[in-house]
Amino acid sequence: ELDDGAGARGGHTHADHAGAIAAALGRRGVRMIPVGDALLAGAAAVASRIAGWRGQLPRLSRDRARYLAHPDWVARGGNARIADLWQPRFDLASGMADTVRDYRARGWL
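Keep in mind that this is a model prediction, so the values were computed, not measured.

Enquirer: Pulling in residues and values, what's your account of the packing of aromatic side chains?
Expert: With the rule as written, the count across this model stands at 1 aromatic pair. Each ring, one from Tyr-103 and one from Trp-108, has its centre 5.1 Å from the other, and the planes form 70 degrees; the classification is edge-to-face. When its relative accessible area of 35% is taken as the criterion, Tyr-103 is described as partly exposed.

Given below as structure tokens:
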């Protein structure tokens, strides 16, 4: 499993991801609000229903809710075995910043 080098440190938490997204967007003070799987699934069902009525795609679909609730968000190592062939070029923060720059250039943000 490839990762950004964080696998040796235990990977990234959901809070790490949220912080990297916030920093890339130039925001501070991000707060994580734990939400149980059932509540997330219920919110996705409601969002999907409302979006369907409007003829739109939901921002939070059932599929996306399952993805968000998945316990293994990051790869946990594997780079050491292929260190001669591949090294990560980006860490989480720089990769997220690059993604935000690209999204802004495309008008997605």
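This is not the end of the story, as more comes after the structure.
Enquirer: Break down the nonpolar core for me, citing the residues and quoting the values.
Expert: One finds Ala-20, Ala-24, Leu-92, Met-96 and Val-100 forming the largest nonpolar core, which totals 5 residues. Of all the elements in the fold, those that place two or more residues in this core are helix 1 (14-24) and helix 4 (92-105). Top contributing element to this core by residue count: helix 4, with 3 residues. Not counting residues up to four positions away in its chain, the partners in contact with Ala-20 are Leu-92, Ala-93 and Met-96.

Enquirer: I'd like a description of the side chain of Ser-48, backed by residues and values.
Expert: Within the secondary structure, Ser-48 is located in helix 2 (residues 37-54). The contact partners of Ser-48, leaving out residues within four places of it in the chain, are Pro-58, Leu-60, Ser-61 and Arg-62.

Enquirer: Outline helix 2, supporting the account with residue identities and numerical values.
Expert: Counted at 1.5 Å a residue, the expected span for helix 2 with its 18 residues is 26 Å, and the 26 Å between its end C-alpha atoms agrees. All buried positions along helix 2 are accounted for by Leu-40, Ala-44, Ser-48 and Ala-51. For helix 2, the angular spread of the buried residues around the axis is 75 degrees, confining them to a single face. Facing away from the buried side of helix 2 by over 90 degrees, the exposed positions are Ala-38, Leu-39, Arg-49 and Trp-53. Buried positions along helix 2 lie against helix 3 (62-69).

Here is what the cut-offs are and how they apply
Residues numbered from 1 in each chain as written. Predicted model: local features only at pLDDT ≥ 70, side-chain atom pairs only at ≥ 80, totals over all residues. Heavy atoms only, no water. Phe/Tyr/Trp six-rings, centres within 6.5 Å; stacked < 30°, edge-to-face > 60°. Buried < 20%, exposed > 50% of the residue type's maximum accessible area, 1.4 Å probe, protein only. Core = buried A, V, L, I, M, F, W, Y, C linked by side-chain atoms within 4.5 Å. Helix = DSSP H or I, 4+ residues; strand = E, 2+ residues; numbered from the N terminus. Contact = heavy atoms within 4.5 Å. Expected span 1.5 Å × (residues − 1). Arc of directions from axis to C-beta.

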